[in-house]
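# Examination of the molecular architecture
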Amino acid sequence: MDENLPVAVIGAGPIGLAAAAQLLERGLVPVIFEAGPTAGAAIEQWRHIRLFSPWRFNLDAAGVRLLEPTGWEPPRPTALPYGGELIDLYLAPLAATPEISSRLQTGARVLAVTRQGMDKTHTRSRDTTPFIVRVEHSTGEVRDHVVAAVIDASGTWSTRNPLGTSGLPAIGELKATHRISSPLPDVVGRDRASFAGRRVLVVGAGHSAANTLINLAELAKEEPETRILWAVRGASADKVYGGGDADGLPARGMLGSRLRRLVEAGKIELHRSFGISSLTDSEGGVTVISGDGRAVVTDVVVPCTGFRPDLEMLRELRLNLDPAVEAPMELGPLIDPEFHSCGTVQPHGAKLLGHPDKDFYIVGMKSYGRAPTFLMATGYEQVRSVAAALAGDHVAADTVHLELPETGVCSSGAGTSCDVPAGSSAAEAIEEAVGCCGTPEPVLIGIPTGLAHGRSGAN
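Below you will find a few notes about this structure. (Residues numbered from 1 in each chain as written. Predicted model: local features only at pLDDT ≥ 70, side-chain atom pairs only at ≥ 80, totals over all residues. Heavy atoms only, no water.)

To continue, consider the nonpolar core. Residues Tyr-90, Val-363 and Leu-390 are the most contacted members of the largest nonpolar core, which totals 60 residues. Only β1 (7-10), α1 (14-25), α3 (61-67), α4 (83-96), β7 (149-152), α10 (350-353), α11 (376-390) and α12 (394-398) provide two or more residues apiece to this core. Top contributing element to this core by residue count: α11, with eight residues. Judged by nonpolar contacts, the second largest core, of 28 residues, contains Val-187, Ala-217, Val-240 and Leu-270. (Core = buried A, V, L, I, M, F, W, Y, C linked by side-chain atoms within 4.5 Å. Buried < 20%, exposed > 50% of the residue type's maximum accessible area, 1.4 Å probe, protein only. Helix = DSSP H or I, 4+ residues; strand = E, 2+ residues; numbered from the N terminus.)

Side chains of residues three or four places apart in an α-helix project in the same direction, reflecting 3.6 residues per turn. Compared with an ideal rise of 1.5 Å per residue, which puts 14 residues at 20 Å, α4 spans 18 Å between its outermost C-alpha atoms and is within 8% of the ideal. Among all positions in α4, only Gly-83, Gly-84, Leu-86, Ile-87, Tyr-90, Leu-91, Leu-94 and Ala-95 are buried. Structurally, α4 contributes buried residues whose contacts are with α1, α2 (41-44), α3, α5 (98-101), β3 (104-106) and α11. (Expected span 1.5 Å × (residues − 1). Contact = heavy atoms within 4.5 Å.)

The strand order across the open sheet formed by five strands is β3-β2-β1-β7-β15, and the pairing between neighbours is parallel. Both edges of this open sheet fall to β3 and β15 (360-362), since each of them pairs with a single strand only. Pairs of neighbouring strands in the sheet enclose a mean axial angle of 15°, with direction left out of account. Bridge count for β1 against β7 is four bridges, and the pairing is parallel. Looking across to β7, one finds that Val-9 is bridged to Ile-151. (Pairing = 2+ DSSP bridges. Axes fitted to C-alpha atoms, helices over the stretch in contact; angles between N-to-C directions.)

Before going further, it helps to spend a moment on the environment of Leu-5. On the secondary structure map, Leu-5 appears in the segment before β1. By relative accessible area, Leu-5 is classed as partly exposed at 22%. Residues Leu-5 and Phe-131 lie 126 residues apart in sequence; the distance between their C-alpha atoms is 9.9 Å. When residues no more than four places from it in sequence are discounted, the contact partners of Leu-5 are Pro-130, Val-146, Val-147 and Ala-148.

This is a description of form; function is not addressed.
Here it is in structure tokens:
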């Protein structure tokens, strides 16, 4: 790697900024490209959501070391932050440090990554040839940036999975886009008018769906005409109800337990084995039809169907991706939701994240491809290892340590779980985590800290 050239970091979310901080500690120079107007722009879209993992899992050590000389006050380690707090109390201050701000380019959308002067078919001298990162800047100007290495931490927020089965949009889905909300709407706040007193169909079997359903139930208390429908592809919703008080993150366990109670009380109308085949829009609403012919009519559809990586900008690179989940080949089997549902994964770093194009890495949520569950702490360890590898410290790169909280839901196949109901111990743990001023409503989710939006084949 040419140490006279910078290392490109794509994305200024938690993992991208952590990558930049780790590179700086290694004496390498990052250049950070963020498509949004600020660091953490994707999180800004769900700032109303409370994470189910406490601050101690959400701070990167190198990032903290950059912040400490500025007089930054660290959050209480056991507190559960909202997305907005993650930005305001950590990401924005980190992005504002001189070391990061001087190297951060916002409004900079990466269009493509390739090797300088060669497409993916050329092999000779490939490993020693710099990368070109083509970027469209906020002015509309498109420029090529020459870099020594590339760390893609761009995430998956911008590319949700379709509502239809088989990995394809349902028939009529594209024509009904005005009926489809964002994946995590603020139904009791910013987006309230779009949901109050209306029929709302939430599609998906992950924590995003659970969070939205619980928020809708709160809205319905004030707007009793609001009707809440929930469609899952599986024959059971047990996966969403989760592990209760067996969950290492109590807030995550309480989320599922509360959702179960709402369904059992009839506040939420659950449609099981409902794989969507088509949508037909009309003045009276959109008719959503399952593969077996059942139909529900709704005003709004909330697509909690998970996300997939945008690989288009990487077409000229040589990638080695698992054919099922589109994660790095060696990582794929460790996180494949068809066989792995505990939400934990063995520690891994640069060695598992590498590709045939030397010095290119996909990290963070995008490294998990289509697999649904990702913890922010996983990404922090990934980029620590990658930075060490790029600096030539292979011993540090190969020495990876990661301890993740158990989900309490462990299965050898889709659709089964330990399904431990939440008890008082979970509630007590929540109260301890958020303080002594009363237990908050456990409308809790993690996006980069514990994403389980569901997978395209089991929502």
